[in-house]
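Breakdown of the fold
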Amino acid sequence: MKKSEKLGKNNKQKEEIPLSPVMSKIVEQIFKHIDMMQEDIEEIKFPKGTRENPAGSCRDIFLGHVNYKSGWYWVDPNMGVINDALQVYCNSTTQETCVYPTSQIRRMHPRYYKKNQKQPRRWFSDLFGGHKITYVSEVQLNFLRLQSRYVTQYFTYYCTNSVAWAHIERGRTHFNDAIILRGSNDYKWKTKNMDKKFVIEDNCKDGRSNKYTIFKISTKKKQALPIVDFMPIDYGSAWQQFGYEAGPVCFK
(Lines give C-alpha, C1' and ligand atoms only; values in the text may rest on other atoms or scores of the structure.)
Protein backbone atom coordinates (compact mmCIF):
# COMPACT_ATOMS: atom_id res chain seq x y z
CA MET A 1 0.00 0.00 0.00
CA LYS A 2 1.31 3.42 -0.95
CA LYS A 3 2.10 5.95 1.77
CA SER A 4 -0.48 8.48 0.49
CA GLU A 5 -3.24 5.86 0.48
CA LYS A 6 -2.33 4.88 4.02
CA LEU A 7 -2.50 8.52 5.18
CA GLY A 8 -5.88 8.96 3.47
CA LYS A 9 -7.23 5.89 5.19
CA ASN A 10 -6.00 7.15 8.57
CA ASN A 11 -7.60 10.59 8.02
CA LYS A 12 -10.90 8.97 7.08
CA GLN A 13 -10.82 6.91 10.24
CA LYS A 14 -10.17 10.05 12.28
CA GLU A 15 -13.13 11.90 10.69
CA GLU A 16 -15.46 9.07 11.52
CA ILE A 17 -14.72 9.26 15.25
CA PRO A 18 -17.95 10.58 16.80
CA LEU A 19 -17.95 13.32 19.42
CA SER A 20 -18.81 12.29 22.92
CA PRO A 21 -22.18 13.54 24.27
CA VAL A 22 -20.36 15.92 26.61
CA MET A 23 -18.25 17.39 23.80
CA SER A 24 -21.31 17.73 21.55
CA LYS A 25 -23.06 19.71 24.28
CA ILE A 26 -20.05 21.98 24.69
CA VAL A 27 -19.86 22.65 20.92
CA GLU A 28 -23.59 23.35 20.84
CA GLN A 29 -23.27 25.87 23.68
CA ILE A 30 -20.30 27.57 21.98
CA PHE A 31 -22.29 28.13 18.78
CA LYS A 32 -25.29 29.33 20.79
CA HIS A 33 -23.12 31.95 22.52
CA ILE A 34 -21.66 33.02 19.19
CA ASP A 35 -25.18 33.54 17.82
CA MET A 36 -26.12 35.57 20.91
CA MET A 37 -23.02 37.72 20.53
CA GLN A 38 -23.90 38.38 16.90
CA GLU A 39 -27.42 39.44 17.96
CA ASP A 40 -25.96 41.78 20.60
CA ILE A 41 -23.64 43.34 18.02
CA GLU A 42 -26.55 43.84 15.61
CA GLU A 43 -28.58 45.55 18.34
CA ILE A 44 -25.68 47.91 19.06
CA LYS A 45 -25.22 48.72 15.38
CA PHE A 46 -28.94 48.90 14.58
CA PRO A 47 -30.96 49.64 17.76
CA LYS A 48 -34.63 48.70 17.57
CA GLY A 49 -35.97 51.55 19.69
CA THR A 50 -37.45 49.28 22.36
CA ARG A 51 -37.32 49.91 26.11
CA GLU A 52 -34.52 47.34 26.38
CA ASN A 53 -32.72 48.48 23.21
CA PRO A 54 -33.17 52.27 22.84
CA ALA A 55 -31.57 54.25 20.04
CA GLY A 56 -29.77 57.58 20.16
CA SER A 57 -32.50 59.20 18.05
CA CYS A 58 -35.35 58.29 15.72
CA ARG A 59 -33.01 58.75 12.76
CA ASP A 60 -30.79 55.93 14.08
CA ILE A 61 -33.82 53.63 14.25
CA PHE A 62 -34.97 54.27 10.67
CA LEU A 63 -31.45 54.03 9.23
CA GLY A 64 -31.12 50.52 10.65
CA HIS A 65 -34.71 49.42 10.01
CA VAL A 66 -36.02 50.92 6.78
CA ASN A 67 -39.35 49.09 7.08
CA TYR A 68 -40.22 50.56 10.47
CA LYS A 69 -43.28 52.84 10.51
CA SER A 70 -43.99 56.09 12.34
CA GLY A 71 -44.92 55.49 15.96
CA TRP A 72 -43.77 55.42 19.56
CA TYR A 73 -40.20 54.30 20.25
CA TRP A 74 -37.59 54.57 22.99
CA VAL A 75 -34.45 56.70 22.66
CA ASP A 76 -31.52 57.35 24.98
CA PRO A 77 -29.76 60.43 23.52
CA ASN A 78 -26.94 60.49 26.10
CA MET A 79 -26.30 56.78 25.44
CA GLY A 80 -25.78 56.04 29.13
CA VAL A 81 -27.75 53.63 31.26
CA ILE A 82 -31.14 52.87 29.73
CA ASN A 83 -32.98 53.85 32.91
CA ASP A 84 -33.30 57.43 31.66
CA ALA A 85 -34.43 56.50 28.15
CA LEU A 86 -37.37 58.51 26.75
CA GLN A 87 -40.48 57.35 24.96
CA VAL A 88 -40.84 59.60 21.92
CA TYR A 89 -42.83 59.77 18.72
CA CYS A 90 -40.78 59.01 15.61
CA ASN A 91 -41.79 60.30 12.18
CA SER A 92 -40.52 57.89 9.53
CA THR A 93 -40.91 60.48 6.74
CA THR A 94 -38.96 63.33 8.34
CA GLN A 95 -36.96 61.13 10.78
CA GLU A 96 -37.77 63.65 13.52
CA THR A 97 -37.53 62.78 17.21
CA CYS A 98 -40.58 64.32 18.89
CA VAL A 99 -40.75 64.80 22.66
CA TYR A 100 -44.15 65.61 24.17
CA PRO A 101 -44.70 67.83 27.21
CA THR A 102 -45.73 66.22 30.49
CA SER A 103 -49.13 64.68 29.81
CA GLN A 104 -50.97 66.30 32.74
CA ILE A 105 -50.23 69.85 31.55
CA ARG A 106 -49.90 69.32 27.82
CA ARG A 107 -53.32 70.85 27.29
CA MET A 108 -55.57 73.17 29.30
CA HIS A 109 -59.21 73.75 28.38
CA PRO A 110 -60.39 77.37 28.14
CA ARG A 111 -61.32 78.99 31.44
CA TYR A 112 -61.47 82.42 33.02
CA TYR A 113 -58.29 83.93 34.48
CA LYS A 114 -58.32 87.10 36.53
CA LYS A 115 -56.03 89.90 35.33
CA ASN A 116 -53.96 91.90 37.80
CA GLN A 117 -54.60 95.48 36.72
CA LYS A 118 -51.40 96.69 38.43
CA GLN A 119 -49.34 94.08 36.54
CA PRO A 120 -51.45 93.21 33.49
CA ARG A 121 -48.62 91.58 31.57
CA ARG A 122 -47.80 88.40 33.43
CA TRP A 123 -46.67 84.95 32.34
CA PHE A 124 -49.23 82.18 32.46
CA SER A 125 -47.20 80.46 35.19
CA ASP A 126 -47.63 83.58 37.38
CA LEU A 127 -51.42 83.60 37.09
CA PHE A 128 -53.60 81.99 39.73
CA GLY A 129 -54.18 78.46 38.46
CA GLY A 130 -51.36 78.75 35.91
CA HIS A 131 -48.11 76.76 35.64
CA LYS A 132 -45.08 76.20 33.46
CA ILE A 133 -45.08 73.66 30.63
CA THR A 134 -42.66 70.91 31.60
CA TYR A 135 -40.84 68.20 29.65
CA VAL A 136 -38.46 65.36 30.34
CA SER A 137 -34.88 65.65 31.53
CA GLU A 138 -33.16 68.79 30.26
CA VAL A 139 -29.98 66.70 29.95
CA GLN A 140 -31.61 64.43 27.36
CA LEU A 141 -33.04 67.43 25.50
CA ASN A 142 -29.56 68.94 25.31
CA PHE A 143 -28.18 65.78 23.73
CA LEU A 144 -31.01 65.83 21.17
CA ARG A 145 -30.10 69.45 20.38
CA LEU A 146 -26.49 68.41 19.79
CA GLN A 147 -27.61 65.76 17.29
CA SER A 148 -29.98 68.06 15.40
CA ARG A 149 -29.92 70.99 13.01
CA TYR A 150 -33.52 72.17 13.34
CA VAL A 151 -36.20 72.09 15.99
CA THR A 152 -39.94 72.57 15.45
CA GLN A 153 -42.94 72.98 17.74
CA TYR A 154 -46.63 73.86 17.39
CA PHE A 155 -48.53 75.88 19.98
CA THR A 156 -52.33 76.26 19.97
CA TYR A 157 -54.13 79.05 21.81
CA TYR A 158 -57.81 78.34 22.51
CA CYS A 159 -59.85 81.51 22.66
CA THR A 160 -63.27 82.53 23.92
CA ASN A 161 -63.74 86.22 23.10
CA SER A 162 -59.97 86.57 23.34
CA VAL A 163 -57.29 87.43 20.77
CA ALA A 164 -54.11 85.43 20.13
CA TRP A 165 -52.35 87.17 17.22
CA ALA A 166 -54.10 89.59 14.85
CA HIS A 167 -56.94 91.72 16.22
CA ILE A 168 -59.57 93.20 13.92
CA GLU A 169 -61.22 96.25 15.47
CA ARG A 170 -63.46 98.70 13.60
CA GLY A 171 -62.32 97.27 10.31
CA ARG A 172 -58.59 97.68 11.05
CA THR A 173 -56.05 95.01 11.98
CA HIS A 174 -53.38 95.42 14.65
CA PHE A 175 -51.17 93.08 16.69
CA ASN A 176 -51.10 94.85 20.04
CA ASP A 177 -52.77 91.88 21.75
CA ALA A 178 -50.57 89.13 20.29
CA ILE A 179 -49.38 86.58 22.85
CA ILE A 180 -45.70 86.07 23.72
CA LEU A 181 -44.17 82.58 23.87
CA ARG A 182 -41.28 81.77 26.17
CA GLY A 183 -38.55 79.28 25.25
CA SER A 184 -36.54 77.01 27.53
CA ASN A 185 -33.55 79.39 27.65
CA ASP A 186 -35.86 82.33 28.45
CA TYR A 187 -35.97 83.31 24.78
CA LYS A 188 -39.09 85.35 24.02
CA TRP A 189 -41.00 84.70 20.82
CA LYS A 190 -43.00 87.89 20.25
CA THR A 191 -45.67 86.58 17.94
CA LYS A 192 -46.64 90.10 16.81
CA ASN A 193 -43.34 90.14 14.91
CA MET A 194 -43.90 86.72 13.32
CA ASP A 195 -44.41 86.31 9.61
CA LYS A 196 -47.82 85.01 8.63
CA LYS A 197 -46.26 81.73 7.45
CA PHE A 198 -45.65 80.84 11.12
CA VAL A 199 -49.33 81.27 11.96
CA ILE A 200 -51.03 78.18 10.57
CA GLU A 201 -54.55 79.28 11.54
CA ASP A 202 -55.79 82.45 13.20
CA ASN A 203 -59.46 82.07 14.11
CA CYS A 204 -59.41 84.33 17.19
CA LYS A 205 -58.83 87.66 15.42
CA ASP A 206 -62.38 89.02 15.70
CA GLY A 207 -62.27 88.77 19.51
CA ARG A 208 -65.72 87.25 19.56
CA SER A 209 -64.95 83.63 18.75
CA ASN A 210 -64.80 80.33 20.58
CA LYS A 211 -62.07 78.92 18.37
CA TYR A 212 -58.27 78.66 18.24
CA THR A 213 -55.04 80.02 16.74
CA ILE A 214 -52.11 77.75 15.83
CA PHE A 215 -48.48 78.91 15.79
CA LYS A 216 -45.61 76.94 14.27
CA ILE A 217 -42.02 77.68 15.24
CA SER A 218 -39.24 76.09 13.20
CA THR A 219 -35.77 77.35 13.97
CA LYS A 220 -32.04 76.70 14.13
CA LYS A 221 -32.05 78.34 17.58
CA LYS A 222 -32.20 74.95 19.21
CA GLN A 223 -31.87 76.28 22.77
CA ALA A 224 -34.96 78.49 22.25
CA LEU A 225 -37.34 75.52 22.26
CA PRO A 226 -39.34 73.87 23.72
CA ILE A 227 -41.96 76.39 24.80
CA VAL A 228 -42.19 76.47 28.60
CA ASP A 229 -44.52 79.42 29.19
CA PHE A 230 -46.58 82.10 27.43
CA MET A 231 -48.01 85.51 28.11
CA PRO A 232 -51.67 86.11 27.22
CA ILE A 233 -52.60 89.75 26.61
CA ASP A 234 -56.30 89.90 25.80
CA TYR A 235 -58.00 88.35 28.83
CA GLY A 236 -59.45 89.23 32.22
CA SER A 237 -62.98 90.34 31.34
CA ALA A 238 -65.86 88.25 32.65
CA TRP A 239 -66.76 87.04 29.16
CA GLN A 240 -63.20 86.06 28.20
CA GLN A 241 -61.54 82.64 28.52
CA PHE A 242 -58.43 81.02 27.10
CA GLY A 243 -56.62 77.70 27.11
CA TYR A 244 -53.70 76.15 25.25
CA GLU A 245 -52.14 73.01 23.83
CA ALA A 246 -48.38 72.59 23.51
CA GLY A 247 -47.39 70.19 20.77
CA PRO A 248 -44.29 67.99 20.83
CA VAL A 249 -40.87 69.55 20.29
CA CYS A 250 -39.37 67.78 17.27
CA PHE A 251 -35.64 67.52 16.61
CA LYS A 252 -34.27 66.91 13.12
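Residues numbered from 1 in each chain as written. Predicted model: local features only at pLDDT ≥ 70, side-chain atom pairs only at ≥ 80, totals over all residues. Heavy atoms only, no water.

1. Re the side chain of Q153
- Turning to its location among the elements, Q153 is positioned in strand β5 (residues 151-160).
- A polar side-chain atom of Q153 sits 2.9 Å from a polar atom in the side chain of Y135.
- Setting aside anything within four residues of it in sequence, one finds Q153 in contact with Y135, F215, K216, I217, L225, P226, I227, A246, G247, P248 and V249. (Helix = DSSP H or I, 4+ residues; strand = E, 2+ residues; numbered from the N terminus. Polar contact = N/O pair within 3.5 Å; in protein donor to acceptor, adjacent residues only side chain to side chain. Contact = heavy atoms within 4.5 Å.)

2. Side note on the sheet that holds strand β8 (residues 180-183)
- The strand order across the open sheet formed by 3 strands is β9-β8-β12, and the pairing between neighbours is antiparallel. Strand pairing shows two members of the sheet lacking a second neighbour, β9 (188-190) and β12 (227-231), which therefore form its edges. Neighbour-to-neighbour, the strand axes of the sheet open up by a mean angle of 25 degrees, direction not taken into account.
- Here 4 bridges tie β8 to β12, and the two strands are oriented antiparallel to one another. Across the sheet, G183 pairs through a bridge with I227, a residue of β12. (Pairing = 2+ DSSP bridges. Axes fitted to C-alpha atoms, helices over the stretch in contact; angles between N-to-C directions.)

3. Structural notes on the pattern of salt bridges
- Scanning all chains against the criterion turns up 4 salt bridges.
- For R182, the salt bridge is made with D229, and the minimal N-O distance between the two is 4.0 Å. Of this pair, R182 sits in strand β8 while D229 sits in strand β12; the two residues are 47 residues apart in sequence, bridging distant segments of the chain. Like D229, R182 is buried.
- The partner of D186 in a salt bridge is K188, and the shortest N-O contact between them spans 3.6 Å.
- Overall, the relative accessible area of 39% leaves D186 in the partly exposed class.
- Looking at K188, the relative accessible area reads 39%, which means it is partly exposed.
- Through salt bridges that share partners, R182, D186, K188 and D229 make up one connected network. (Salt bridge = Lys/Arg side-chain N within 4 Å of Asp/Glu carboxyl O. Buried < 20%, exposed > 50% of the residue type's maximum accessible area, 1.4 Å probe, protein only.)

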